[in-house]
Amino acid sequence: MSRPSVSEPSSLRAIPSVDQLLRSETANQFRDLIGAARLTDLARQAIDELREGLQNSSTTETKNELLTKAASRLEELCRHDRSAGIRRVINATGVILHTNLGRAPLSDAARKALTSEAAGYCTVEYDLGTGTRGRRAARVEELLVQVTGGEAGLVVNNCASAALLILSVLARDAETIVSRGELVEIGGDFRVPEVMSNSGTQMVEVGTTNRTKLEDYRRAISDRTRLIMRVHPSNYRIIGFTHAPALKELATLAHEKGLLLYEDAGSGVVTDLSKFGLGEEPLIRDSIDAGVDVVSFSGDKLLGASQAGLIVGRHSVIERLRKHSLYRALRADKLCLAVLEVTLNAHRRGALEEIPALRMLGLSKEVLEQRATEFAKRVNEASDSISARLVPGESAVGGGSGPNVHPATTLISLSHATLTANELEQSLRQQTPPAIGRISDDQLLLDLRTVEPNEEPELLTAVLNMS
Ligand SMILES: *Cc1c(COP(=O)(O)O)cnc(C)c1O
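Model, not experiment: these values are computed from the prediction. (Residues numbered from 1 in each chain as written. Predicted model: local features only at pLDDT ≥ 70, side-chain atom pairs only at ≥ 80, totals over all residues. Heavy atoms only, no water.)

Attention now moves to the site of the ligand. Taken together, the residues surrounding the ligand are Arg103, Asn158, Cys159, Ala160, Ile186, Phe190, His232, Ser234, Asp264, Gly266, Ser298 and Lys301. In the model, an oxygen atom of the ligand is placed 2.9 Å from a nitrogen or oxygen of the Lys301 side chain. Elements supplying a minimum of two residues to the shell around the ligand: helix H7 (159-171) and strand E8 (260-266). A per-class count over the shell around the ligand returns 4 nonpolar, 5 polar and 3 charged. (Near = heavy atom within 4 Å. Polar contact = N/O pair within 3.5 Å; in protein donor to acceptor, adjacent residues only side chain to side chain. Helix = DSSP H or I, 4+ residues; strand = E, 2+ residues; numbered from the N terminus. Nonpolar A, V, L, I, M, F, W, Y, C, P; charged D, E, K, R; others polar.)

What follows is about the environment of Ser107. Inspection of the secondary structure assignment puts Ser107 in the loop between strand E1 (90-91) and helix H5 (108-118). Residues Ser107 and Ala305, spaced 198 residues apart in sequence, show a C-alpha to C-alpha distance of 7.9 Å. A polar atom in the side chain of Ser107 sits 3.0 Å from the backbone nitrogen of Ala110.

All told, the structure shown has 0 aromatic pairs when counted by the stated rule. Across from the ring centre of Phe241, 4.0 Å away, lies the NZ or CZ of Arg211, which sits over that ring. (Phe/Tyr/Trp six-rings, centres within 6.5 Å; stacked < 30°, edge-to-face > 60°. Lys NZ or Arg CZ within 6 Å of the ring centre and 35° of its normal.)

Turning to unusual backbone geometry, a few remarks are in order. Going from Thr432 to Pro433, the amide bond is cis rather than trans, its omega being -10 degrees. With respect to the element layout, Pro433 can be found in the loop between helix H17 (421-429) and strand E13 (435-436). Unusually for a residue other than glycine, Asp173 sits at a positive phi of about 60 degrees. Mapped onto the elements, Asp173 comes out in the loop between H7 and strand E5 (175-179). Despite not being glycine, Asp442 has its phi angle at roughly 60 degrees, a positive value. With respect to the helices, strands and loops of the structure, Asp442 is situated in the loop between strand E14 (438-440) and strand E15 (443-447). What makes Asp442 exposed here is its relative accessible area of 60%. (Buried < 20%, exposed > 50% of the residue type's maximum accessible area, 1.4 Å probe, protein only.)

Spelled out as structure tokens, the structure:
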């Protein structure tokens with residue numbers, strides 16, 4: 001076999017070494033930003049890719065050209081490595097509690113509490129009055145009691161962990177009765193039967209998908225029963241020939257038999273939101289008044305705070321939950337507690353306009369039409385290639401809440417001289433900050449309901465940069 005000559009253009013020998021690539025300008029630029037070890041991994045990946053690409057090709061590139069190519073790929077990999085993770089986006093989808101985009105946006109007061117109170121050292125478990133250890137979350141629990149009428153409250157990581165804790169502590173190795181109409185999946189893999197089995201309680205299903213009677217529950221009670229569970233179906237509705245006993249009837253039955261009644265209220269609300277069409281979301285105070293022993297609901301749905309599982313109910317039940325070792329594993333962190341404190345306080349004062357999710361929900365059709373008209377006008381004035389027109393449409397609550405609520409809005413439909421709706425949508429996602437719209441009938445649609453007025457200039461810039 002003859003030795004390949006140095007000038008042979010397609011030789012794999014022209015591929016730069018990982019070390020050579022690591023000495024390049026590009027590598028130097030990223031070393032401190034991503035760390036030397038990660039940089040080496042990515043340089044190796046860039047060289048491997050280059051080698052694979054050359055296996056079956058008869059390239060004529062020189063060693064220098066290949067080094068430039070590898071450096072450019074390394075830069076791409078480094079940039080990708082740095083951009084991954086949580087970044088702020090403009091939500092122009094009109095879905096208020098968009099689970100993929102972080103559900104409820106925090107209030108200004110909550111953002112301030114995060115950075116100026118909770119981010120550093122803080123009184124998360126410290127009593128300033130006595131200078132000794134204080135009870136974690138005491139203030140949030142106090143506010144929970146005040147806004148719901150429960151005897152006591154407890155905070156855990158999310159509503160799924162609340163259900164796990166409650167079922168584990170109150171009904172492990174015993175039976176829990178639940179209606180077949182409530183064996184729902186909420187999304188993100190929260191499935192009632194699975195939470196039951198994970199918590200070690202034996203699920204006893206009663207009734208049918210559409211109708212469950214009080215008698216069905218009564219007949220299912222055995223000496224192994226500890227709990228009756230009621231689940232709010234959230235994003236799922238059975239309409240027509242349906243029946244479920246009132247909470248009050250269930251509570252009476254449970255107490256007559258020495259059992260406890262647990263309600264997973266899902267989104268739940270602490271302030272009556274029926275003026276927004278959300279009358280079907282259970283008001284936690286009503287559940288407490290009906291005699292429910294323990295209720296759980298989410299912090300980042302219609303409450304408008306951070307991810308959390310809020311639990312309220314009878315003092316004796318809450319204390320059992322608090323004392324269990326599982327609570328220690330599921331408890332909320334100081335950042336979450338700071339946000340909850342400020343947000344629950346806004347509910348207590350009835351200052352709903354301070355809570356972005358509720359403020360967005362309350363935006364009138366007229367205000368949105370006016371904002372959309374102005375926005376479209378600016379796009380059309382500033383761009384020759386992009387055109388904006390208005391179409392009537394609907395926003396959504398999202399997060400599995402209020403599936404029947406579709407607040408009227410005015411959408412901005414964007415089209416481009418040469419680009420398709422999908423290409424526009426992708427381009428908008430790649431702006432800084434990225435903006436997320438929705439595609440319908442081959443149109444890119446923006447809904448300003450979920451865009452804060454102070455974000456509109458950024459959104460306009462992003463739209464005009466699409467190309
Ligand atoms: C949303 C929801 C959950 C899950 O809540 P997370 O806070 O997301 O864990 C559980 N149950 C019901 C009924 C829900 O609507």
